[in-house]
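Here's the letter readout for the chains.
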Amino acid sequence: SEEILRDAKGKPYFPSGRFYLSVTHTGSLYVCAFAARPIGIDAERVDENRSCIAEKKFSPEERNLPFSYVWCGKEAVAKLTGDGMGTMMQVKIALDRAEFQGKAYPLREMLLGEYRLILATEEGWDYGAEALSEK
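What this report covers is the structure whose coordinates are included nearby.

Cut-offs and rules
Residues numbered from 1 in each chain as written. Predicted model: local features only at pLDDT ≥ 70, side-chain atom pairs only at ≥ 80, totals over all residues. Heavy atoms only, no water. Helix = DSSP H or I, 4+ residues; strand = E, 2+ residues; numbered from the N terminus. Buried < 20%, exposed > 50% of the residue type's maximum accessible area, 1.4 Å probe, protein only. Contact = heavy atoms within 4.5 Å. 1 Å grid on protein atoms, 1.4 Å probe; cavity = no way out; pocket = protein on both sides within 12 Å on 5 of 7 lines; lining within 4 Å. Points joined across faces, edges and corners; volume = space filled by probe spheres on them. Nonpolar A, V, L, I, M, F, W, Y, C, P; charged D, E, K, R; others polar. Phe/Tyr/Trp six-rings, centres within 6.5 Å; stacked < 30°, edge-to-face > 60°. Lys NZ or Arg CZ within 6 Å of the ring centre and 35° of its normal.

### Considering the environment of lysine 92
Reasoning step 1: Its place among the elements puts lysine 92 in strand β6 (residues 92–94).
Reasoning step 2: Assessed through its relative accessible area of 42%, lysine 92 is described here as partly exposed.
Reasoning step 3: Linking lysine 92 and glutamate 123, residues 31 residues apart in sequence, is a C-alpha distance of 15 Å.
Reasoning step 4: If we skip the residues at most four places from it in the chain, lysine 92 touches Glu62, Arg97, Ala98 and Glu99.

Here is the structure:
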């Protein structure tokens, strides 16, 4: 029954700090993730392709992954850390993992119809296979 507030950068949070949340929306999809530890989530259409952005902003290794995977990973980590979208191009993405400011962040992927969702967590948090499910 807590009110959801937003910090100066727009990140939603619960004032008690007991729970964390992250939200995303794209097209007709709206997702809200809740957890007992910091998380970030993002979604994009699987067929989303912005090669002009990828060529300018993604590393050669990132360009070998689907655009939506890299983009969602970068946004999910930026949401988790609360550092804002201005820093998301500093996030480095690899399969199942991201790195930002010397810290590693596991990534969990879920395909939901025409959308790819990426959940980012802190290193060492075993959130289990049930973390992303259609509910």
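### Describing the layout of surface pockets
Rolled over the atoms, a probe as big as a water molecule pinpoints where empty space is left.
Reasoning step 1: Of the volumes computed, that of the second largest pocket is approximately 190 Å³.
Reasoning step 2: When residues of the lining of the second largest pocket are traced back to their parent elements, those giving at least two are β3 (20–26) and α2 (67–81).
Reasoning step 3: Top contributing element to the lining of the second largest pocket by residue count: β3, with three residues.
Reasoning step 4: Within the lining of the second largest pocket, the residues separate by chemical class into six nonpolar, four polar and five charged.

### Details of the packing of aromatic side chains
Reasoning step 1: By the definition in use, this model includes three aromatic pairs.
Reasoning step 2: When the ring of phenylalanine 58 is compared with that of phenylalanine 67, the centres are 5.4 Å apart and the planes differ by 20 degrees; the resulting orientation is stacked.
Reasoning step 3: Phenylalanine 67 gets classed as buried once you look at its relative accessible area, which sits at 8%.
Reasoning step 4: Consider the rings of phenylalanine 67 and tryptophan 71, whose centres lie 5.7 Å apart with planes at 15 degrees: the pair is stacked. Taken together, the residues phenylalanine 67 and tryptophan 71, both in helix α2 and four residues apart, mark about one turn of the helix. Neither residue differs from the other here; phenylalanine 67 and tryptophan 71 are each classed as buried.
Reasoning step 5: Among the aromatic side chains, those forming a connected cluster through ring pairs are Phe58, Phe67 and Trp71.
Reasoning step 6: The ring of tryptophan 71 is capped by arginine 50, whose NZ or CZ atom sits 5.7 Å from the centre of that ring.

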